[in-house]
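Now for the letters of each chain:
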Amino acid sequence: MNPPTAIRVALLGNPNTGKTTLFNALAGLNHRTGNYPGVTVEVKKGKGIHGVTPIEWIDLPGTYSLAARSPDEMLAVDLILGRIAGEPKPDVLLCLADATNLERNLYLISQARELGLPIVVALTMNDLAESQAITVDLARLELGLGLPVVAILAARNKGISQLKDRLLEASKGPTPAFDPPLPAEVINSAKNIAQDLDSELPPALALRALLDEGGSAEIELVQQYGAKAAEMLASHRALLTQAGHAVAVLEPRHRYKDLRKRLAGVVTRPKERQNTFSDRLDRWLVHPIWGVAFFLFVMLLLFQSIFFFASPAMDVIDGGMESLQDLARNNLQPGPFTSLLVDGVLAGVGGVVIFLPQIIILFGFLGILEDCGYMARAAFLMDRIMSRCGLSGKSFIPLLSSLACAVPGILSTRVIENRRDRLATILVAPLMSCSARLPVYTLFSAAFFPDPWWLAGTVMFGLYATGFVVAPLVALILRGSLLKGDVPLFVLEMPTYRRPAILPTLKRMWDAGTSFLYRAGTLILATMVLVWALLYFPSADSNGLDFPTRIANANPEDQQGLVLEWKEQSWLGRTGKALEPVFIPLGWDWRIGMSVLASFPAREVVVAALGVSFGEGEVAANDEEGRNKLTQRLKAATWPDGRPLVTTASALSLLVFFALCCQCASTLAVIARETRSIGWAVFTFSYMTTLAYAAAFAIYQTGRLFG
Amino acid sequence: MVPEIPTTLDSVPLGARCLVTAIDGIDQLARKLLEMGIIEGEEIEVIARAPLGDPMEIRLLDSSLSLRNVEARRIHVTLIGTHP
């Protein structure tokens, strides 16, 4: 007897129907994510076995409808129809239906049953339905739908084995016929389009293209079959309109009518709807005063947790890296290899790993907020303010998180379904002042604005405010130009409050951490090694003598001068000198310019780089004594003609440059990753650098006018 | 019995219940509203409003939805009473 062949099961359902919980119950926690070109959502896949049959589980993104308006939404349709290269067509479709909200959940199933796969329906949220005194007559539901239905309670593993039995049965059974509950003219049009274009084309795809004018299915058909497809769709739509059908809106009306017929007598609910726990909680949590107060409290807690709770762990990582660097420095022969290991590789790895605590904490926190249903309430409360700058309430939390670090902030934009909204949020998130800007802010505001006592604090406040003002403005401009589109719909479901599950939250934290380390790690490491090389080579002076050797043999008091001489003739130093004309309008000389250039991969590097450039040696960002010495050096520094180098105007221009510039390879790597395009990372880098340069220029030149 | 007053959903007061009589338009927004189950004949209750009066939270069947006022303006309703 041959071993049974594996079957592929795709999970499809509305958001908030317990799909993640069911997927975890079916596939265990050991799954991997699949990525597809042009698509920003991830598809989780897991393997399991039932009896002797291996099963591959595919978790499709949650959706309310198959009428796709973006590549992200189209993924489910393409995957089910087997139209994705390297991704065989699934054998069975497992559709989820929330027992407390059957009608709307079955709308998706009504669309899905035309895609030519056997379907098994899993009825979820049965405990919640029970608590609301809602009963669902399973036998009648199966009869009405003509599909197998299994009631499950995934969190307690109830019904799971029976569900797998039914899936195996269904995989050998027949597929439902193409029989949409729509007017006969519409069905005939879809069939005709499919036949005329290509006998292989599923009529369901032709139907989607016909009904969703300007949607992804139409785009796909036009790409595949050219103008012929576009003409055909247009002429069929015109015919249907002539026959009195409103093509854009007929589908939901007909499907819901059909569902009401099928659902007759299936659901019994109390005459007067009970006030649920969720209702009572919402009375407080979306209240104009108490709701806002609670929201501010949650945001404060979130901010504190990423800003301060992460810092002990970050200090440990920082300290660990420094001891590793010392260990390497003390035990290896000095030379290019040791320098590469210490200042390139170890510093680079440290620069990535340092963000890990923040990312893990933020993702744990956001995961809990999302799971318990509060995220939708937060978006609800903030929507009015955010809509003023062309975004929606969902952009608020990512932007706030970016105050700690843009990397987790950008990762958390995954909750925003609207692609343009999500892009706009990603592109402006790095404008929010992150914690890595703090060392520069502190250094310069303390050094150059010490009196009166309130000035340094006010400068700091102004720098943070710059981000708060510029980010929404840029978002507004983007939404009106590059990311122009319909005003995003804010029809948002407010899910029932639930207790968050622990294991999936931990899993999510782990996934966020590892994927960040892997993807951003490779790029930032490469950049750090590059900057190291640019600062190290050429390492011989004009007499052919090796700088590191000269420094090692020199008197301690001469060492700093030699380091400066070495860096000055390094590739980066030469670039800094060559680019001095670019820096002078900002009030910077080549030494400041070189430090700024060196800090492009990671902005906090600037303190150390200034230390090197101004002959104070390496200054660690958190080394207060070193910073004080550096402050003295900066104050004493002059232009060749003896004018003081750093004035109020040039200090402010440097600060504003740092507030607006995207000097962070990790952020750019994450933007490239999340948008699946290098282009957006290049765009962010270019617009922010331009903006930063223009602002620094304006400030220095204005400052000079007023002396 | 409260008289059946025709209006649009954005001007329905907090706590009031109404029946959907029509959805305006044949565009994406109309379609999205219909897909979410806001169909002629369904009952809607207004349960909350965000600060500054926009968006609003409604209960429809057994789910809660949030809608902006511009979206709610497309939904024609008749008032049928308040929640007891």
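J.: Summarise the overall build of chain A; cite the residues concerned and give the values.
T.: In terms of regular secondary structure, chain A is built from 32 helices and ten strands. With respect to the principal axes defined by its C-alpha atoms, chain A has extents near 90 × 65 × 55 Å. Out of the 707 residues belonging to chain A, those deemed buried represent 45%.

J.: Break down the overall build of chain B for me, citing the residues and quoting the values.
T.: When its secondary structure is counted, chain B shows two helices and six strands. Along chain B, helices (α) and strands (β) appear in the sequence β-β-α-β-β-β-α-β when read from the amino end. A globule of 84 residues ought to have a C-alpha radius of gyration of about 12 Å, and chain B, at 12 Å, matches this closely. By its C-alpha atoms, chain B is 35 × 30 × 20 Å across when sized along the principal axes. In chain B, buried positions account for 44% of the 84 residues. Considering only contacts within chain B whose residues lie at least 6 apart along the sequence, 62% involve residues at least 24 apart.

J.: Break down the domain arrangement of chain A for me, citing the residues and quoting the values.
T.: By the assigned domains, chain A splits into domain 1 (7–172), domain 2 (184–244) and domain 3 (526–626). Taking the mean C-alpha position of each, domain 1 of chain A and domain 3 of chain A sit 58 Å from one another.

J.: Break down the sheet that holds strand β2 (residues 31–34) of chain A for me, citing the residues and quoting the values.
T.: Residues and elements named next belong to chain A. The strand order across the open sheet built from seven strands is β2-β3-β4-β1-β5-β6-β8, with neighbouring strands paired in mixed fashion. The open sheet has two edge strands with one neighbour each: β2 and β8 (149–151). Adjacent strand axes in the sheet meet at a mean angle of 30° when their direction is disregarded. Lying over the sheet, helix α1 (residues 19–27) contacts β1 (7–12), β2, β3 (43–50), β4 (53–59), β5 (92–98) and β6 (119–124), oriented at roughly 40° with respect to β3. Those strands touched by helix α3 (residues 102–112) are β1, β5 and β6, and its axis lies near 165° from that of β5.

J.: Explain the pairing of β3 of chain A to me, using residue names and the numbers behind them.
T.: All names here are of chain A. Here β2 runs beside β3; their pairing, made up of four bridges, is antiparallel. Residue pairing in the sheet places Gly34 in a bridge with Val43 of β3. In this sheet, β4 lies alongside β3 in antiparallel orientation, the contact comprising seven bridges. Note on β4: the bridge partner recorded for Gly48 is Ile55.

J.: Provide a residue-level description of the environment of Arg49 of chain B, including the pertinent values.
T.: Residues and elements named next belong to chain B. Along the chain, the position of Arg49 falls in strand β3 (residues 43–49). Spatially, the C-alpha atoms of Arg49 and Val20 are 19 Å apart, while their sequence positions differ by 29 residues. Aside from chain neighbours lying at most four places away, what touches Arg49 is Leu14 and Met56.

J.: Summarise the packing of helix α21 (residues 455–480) of chain A against helix α30 (residues 648–660) of chain A; cite the residues concerned and give the values.
T.: All names here are of chain A. Where α21 contacts α30, the axes come no closer than 10 Å and their chain directions differ by 45°. Of the possible angle classes, the one that applies to α21 and α30 is oblique. When the axes of α21 and α30 are compared, the crossing they make is right-handed. Where α21 approaches α30, its residues Leu463, Thr466, Gly467 and Val470 are matched on the opposing element by Leu655, Val656, Ala659 and Leu660. Its residues assigned to classes, the contact of α21 with α30 comprises six nonpolar, two polar and no charged.

J.: Before we move on, could you go through unusual backbone geometry and cite the residues and values that matter?
T.: With an omega of -10°, the peptide bond running from Phe537 of chain A to Pro538 of chain A counts as cis. Cis geometry is found at the peptide bond from Asp54 of chain B to Pro55 of chain B, where omega equals -5°. Structurally, Pro55 of chain B can be placed in the loop between β3 and β4 (56–60). One non-glycine residue with positive phi stands out, namely Ala133 of chain A, at about 60°. With respect to the helices, strands and loops of the structure, Ala133 of chain A is situated in the loop between α4 (126–131) and β7 (135–136). By the C-beta count within 10 Å, which is 11 here, Ala133 of chain A ends up exposed. A positive phi is found at Asn157 of chain A, a non-glycine position, where the angle reads about 65°. Owing to 10 C-beta atoms within 10 Å, Asn157 of chain A belongs among the exposed residues under this scheme.

J.: Got a sec to walk through the interface of chain B and chain A? Specific residues and values, please.
T.: Listed per partner, the contact involves 31 residues of chain B and 29 residues of chain A. For the side of chain B that touches chain A, the secondary structure elements donating two or more residues are α1 (28–35), β3 and β5 (63–67) of chain B. It is α1 of chain B that provides the largest number of residues to the side of chain B that touches chain A, a total of eight residues. Partitioning the side of chain B that touches chain A into residue classes produces 17 nonpolar, five polar and nine charged. Inspection of the sheet shows strand β10 (residues 492–494) of chain A paired to β5 of chain B by three bridges, in the antiparallel sense.

J.: Summarise the pairing of β1 of chain A; cite the residues concerned and give the values.
T.: Where β1 of chain A and β4 of chain A come together, five bridges link them in parallel fashion. Bridged to Arg8 of chain A within β4 of chain A is Glu56 of chain A.

J.: How would you explain helix α28 (residues 605–613) of chain A if you had to name every residue and give the values?
T.: Counting buried positions along α28 of chain A gives nine out of nine residues, so the element sits mostly inside the fold. Residues of α28 of chain A that are buried: Val605, Val606, Val607, Ala608, Ala609, Leu610, Gly611, Val612 and Ser613 of chain A.

J.: An account of the sheet that holds β4 of chain B is needed here, citing residue identities and associated values.
T.: Read from one edge to the other, the open sheet built from seven strands follows the order β10(A)-β5(B)-β4(B)-β3(B)-β2(B)-β6(B)-β1(B), with strand pairing classed as antiparallel. Looking along the sheet, the strands with just one partner apiece sit at the ends: β10 of chain A together with β1 (6–8) of chain B. Ignoring which end each strand starts from, the neighbouring axes of this sheet average 40° apart. Pairing of strand β2 (residues 16–23) of chain B with strand β6 (residues 75–82) of chain B, which is carried by seven bridges, proceeds in the antiparallel orientation. The partner of Leu19 of chain B across the bridge, within β6 of chain B, is Thr78 of chain B. The strands touched by helix α16 (residues 374–387) of chain A within the sheet are β10 of chain A together with β4 and β5 of chain B, with β10 of chain A carrying the most contacts at an inclination of about 125°.

Criteria and thresholds
Counting of residues starts from 1 at the beginning of each chain's written sequence and follows it residue by residue. Each chain takes a letter, starting from A, and each ligand takes a number, starting from 1, following the order in which they are written. Given that this is a predicted model, residues contribute local features only at a pLDDT of at least 70 and side-chain atom pairs are listed and counted only at 80 or more, while totals for whole chains, interfaces and linings are drawn from all residues. Starting at the N terminus, helices and strands are each numbered in turn, a helix being any DSSP run of H or I of at least four residues and a strand any DSSP run of E of at least two. Burial is judged by counting the other C-beta atoms within 10 Å of a residue's own C-beta: 20 or more makes it buried, 12 or fewer makes it exposed, and any count in between marks it as partly exposed, with every C-beta position built from the backbone. Radius of gyration: over C-alpha atoms. The globule rule applied is 2.2 Å multiplied by the number of residues raised to the 0.38 power. Here the contact rule is simple: place C-beta atoms from the backbone, and any two residues whose C-beta atoms are within 7 Å are in contact. Reported domain spans reflect what an automatic or database domain assignment gives. By the convention used here, strands pair only if DSSP detects at least 2 bridges between them. Throughout, an axis means a line fitted to C-alpha atoms (over the contacting stretch in the case of helices), and angles, computed between N-to-C directions, take values from 0 to 180 degrees. An angle below 35 degrees is treated as roughly parallel, one above 145 as roughly antiparallel, one from 65 to 115 as roughly perpendicular, and anything else as oblique. Each crossing gets its hand from how the near helix is turned against the far one by less than a right angle, where anticlockwise is left-handed and clockwise is right-handed. Under this grouping Gly is polar, as are all residues other than the nonpolar Ala, Val, Leu, Ile, Met, Phe, Trp, Tyr, Cys and Pro and the charged Asp, Glu, Lys and Arg.

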